[in-house]
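What follows is each chain in one-letter form.
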Amino acid sequence: MDAFAIKIRYGLIHLVFITVLFFLSSDAPSQRLNLKKIFRDVEQQTDVLINSLNKQKKENIGLMMPRTLENGKLKLVKSSDWTSGFFPGVLWQIYLYSNKNFWKARADSFTRLLEEEKFNSRTHDMGFKIFCSYGNAYKATSEKYYKDVIVQAANTLTTRFNKKVGAIRSWDHSRDKWDFPVIIDNMMNLELLFAATKYTGDSTFYNIAVQHANTTMRNHYRPDMSSYHVIDYDSLTGKVSKRNTHQGYSHESSWARGQAWGLYGFTMCYEETGLQSYLAQAEAIANYLIHHPKMPRDLIPYWDFDDPAIPHVSKDASAAAVMASALLRLSTFSTKNGYLYKKTANKILYNLSKYYGSPVGENMGFILLHSTGHAPAKSEVDVPLNYADYYYLEGLLRTKRIVK
Ligand code: GLY
């Protein structure tokens, strides 16, 4: 065989090898997300949900947003519920994908139902409620009305900040247990504050967000990079007094959604500030999650990584959706691990779409099944949840850079 023939042969072997590798990877065509089909189904499902809602709402004044399914019916919540912003957010995301004015009108009318929350200072959940609804509305339309609501909401949220602690108080309930509880979920509310500084030029919001993130980074994380759920502070001295859980298996366990909130929160903080410490934190959390020995092969975590009954416990698709969305964002910042994060996120989204989705026309119109809300209270175990749907759609839109 002459030298040319040998070169051709090696070239062909190389090509076959590369092709096999390509098909084995999660980016292979067989595992590629079919966004067109997914969003066609999502539009149909959301029609089903709105029809179910219209039927049920008449019986429940004040209960307006679908949160989950309970006893075969929609569980509706008031504007003050922490999950009230997700359904309007889902509608905005469908509009962002489809560009159909019909969805914009629906998104707008559901968003406006939440306006009074801009004055609600009794909880930290302002970001979830107002930024997932009004925040998306403003991104989609640039209308001043939405921006003004966001700024007022941010002003209200800052009233919960304690300088001594260097954090925003999460809950007002359970005062017998906690003095100044801060939960890892609270990282998600900081995006609203960063936005308010951008809209107004007032750095107060930004500074509070940074102090909160720094305090959380200092006190919420264990050496293995898992996060506690609740840190209780002494409101007078600012010292940590308790490290607890509320929704996890135990105080020392790793509650799956809490880990995902932290990953998302520090990724967003890096994006908003450019501070390297947040990028390092987000990468360390990502690596903890991706390489966790109890992470199932399909990358949809069990509700708590430390439940001793794994694998005979419920999963949490909502944690997976938050994680996928955050990893996609993080992949654009991380030079070293960007490819791994993107590949992992795509695999999660693919598995959610293929194995965790509701058949069209069923489950009253929710998109994903198999999430876990509050297992220790035996509440919302293995059910659809509006925030799983919200972060799933956000992740899908991020794969195409339709949202950042
Ligand atoms: N913020 C409450 C939860 O994640 O369930």
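Residues numbered from 1 in each chain as written. Predicted model: local features only at pLDDT ≥ 70, side-chain atom pairs only at ≥ 80, totals over all residues. Heavy atoms only, no water.

**Some thoughts on the environment of Thr 273**
Formally: Strands are runs of DSSP state E lasting at least two residues, helices are runs of H or I lasting at least four, and both sets are numbered from the N terminus onward. Each residue is placed in one exposure class: buried if its accessible area under a 1.4 Å probe, protein chains only, is under 20% of its type's maximum, exposed if it is over 50%, and partly exposed if it falls in between.
Within the secondary structure, Thr 273 is located in helix H9 (residues 256–273). With relative accessibility at 17%, the residue Thr 273 sits in the buried group. Thr 273 sits 65 residues away from Gly 338 along the chain, and the two C-alpha atoms are 19 Å apart.

**Overview of the site of the ligand**
What counts, and what does not: Each residue is tested against the molecule or strand, and it is near if at least one of its non-hydrogen atoms lies within 4 Å. For the purposes of these results, a polar contact is taken to be a pair of N or O atoms within 3.5 Å, where, inside protein, one atom must be able to donate a hydrogen and its partner to accept one; residues adjacent in sequence count only when each atom of the pair is a side-chain atom. Working definition of accessibility: Shrake-Rupley area with a 1.4 Å probe, residue cover restricted to the visible protein chains. The nonpolar class holds Ala, Val, Leu, Ile, Met, Phe, Trp, Tyr, Cys and Pro. Asp, Glu, Lys and Arg form the charged class, and all remaining residues, Gly among them, are polar.
Around the ligand sit Trp 82, Asp 185, Gln 247, Trp 255, Arg 257 and Trp 261, and those are all the residues in its vicinity. One of the side-chain N or O atoms of Asp 185 is found 2.7 Å from a nitrogen atom in the ligand. A distance of 2.7 Å separates an oxygen atom of the ligand from a polar atom in the side chain of Gln 247. Here the ligand has 200 Å² of accessible area as a free molecule, and 93% of this is covered by the chains. When its residues are assigned to classes, the shell around the ligand shows three nonpolar, one polar and two charged.

**Things to note about the nonpolar core**
Put simply, the rule reads: To define a nonpolar core, start from buried Ala, Val, Leu, Ile, Met, Phe, Trp, Tyr and Cys residues and group those joined through side-chain atoms within 4.5 Å. Contact criterion: two residues are considered in contact whenever any of their non-hydrogen atoms come within 4.5 Å of each other.
Counting 118 residues, the largest nonpolar core has Leu 190, Leu 352, Tyr 391 and Tyr 392 as its most contacted members. With sequence-adjacent residues up to four places away left out, Leu 190 is seen in contact with Ile 168, Ala 209, His 212, Ala 213, Met 268 and Cys 269. With seven residues, the next largest nonpolar core counts Val 165, Phe 180, Tyr 228 and Tyr 233 among its residues.

**Quick notes on the environment of Val 360**
Relative to the helices and strands, Val 360 resides in the loop between helix H12 (338–355) and strand E8 (371–374). For Val 360 and Val 48, which are 312 residues apart along the polypeptide, the C-alpha to C-alpha distance reads 8.5 Å. If we ignore the near neighbours within four places in the chain, the residues touching Val 360 are Asp 41, Gln 44 and Gln 45.

**Re the side chain of Thr 83**
Following the sequence through the fold, Thr 83 ends up in the loop between strand E2 (73–77) and helix H3 (86–98). Taking the relative accessible area as the measure of exposure, Thr 83 reaches 0% and is therefore buried. Here the side chain of Thr 83 touches Asp 81 through a polar contact of 2.6 Å, side chain to side chain. Once residues lying within four places of it in the same chain are set aside, the contact partners of Thr 83 are Arg 67, Val 77, Asn 386 and Tyr 387.

**Overview of the state of the cysteines**
Convention followed: Criterion for a disulfide: a pair of cysteine sulfur atoms within 2.5 Å.
Overall, the coordinates contain zero disulfides when judged by the stated rule. You can see Cys 132 has no disulfide; the closest cysteine sulfur is in Cys 269, sitting 15 Å from it. For Cys 269, a relative accessible area of 0% gives the class buried.

**Considerations on the sheet that holds strand E7 (residues 240–244)**
What counts is decided by this rule: For two strands to pair, DSSP has to find at least two bridges joining them. Every axis in this analysis is a line fitted to C-alpha atoms, fitted for helices over the stretch in contact. Angles between the N-to-C directions lie between 0 and 180 degrees.
Overall, antiparallel pairing links the three strands, which are arranged E5-E6-E7 in an open sheet. Edge strands, defined here as strands with exactly one partner in the open sheet, are strand E5 (180–183) and E7. The sheet shows a mean angle of 25° between the axes of neighbouring strands, direction not considered. With four bridges joining them, E5 and strand E6 (residues 230–233) adopt antiparallel strand pairing.

**Observations concerning helix H5 (residues 126–141)**
Put simply, the test is: Every helix has an expected span of 1.5 Å times one less than the residues it contains. Bend angle per residue: angle between axes fitted to the 7 residues ending at that residue and the 7 residues starting there.
Helix length check: H5 (16 residues) gives 21 Å between terminal C-alpha atoms against 22 Å at 1.5 Å per residue, within 8%. Considering bend angle alone, the principal kink of H5 is centred on Cys 132 and spans about 30°. In terms of residue burial, H5 counts as a mostly covered element, since 14 of its 16 residues are buried. Ser 142 lies just past H5 and shows a positive phi near 60°.

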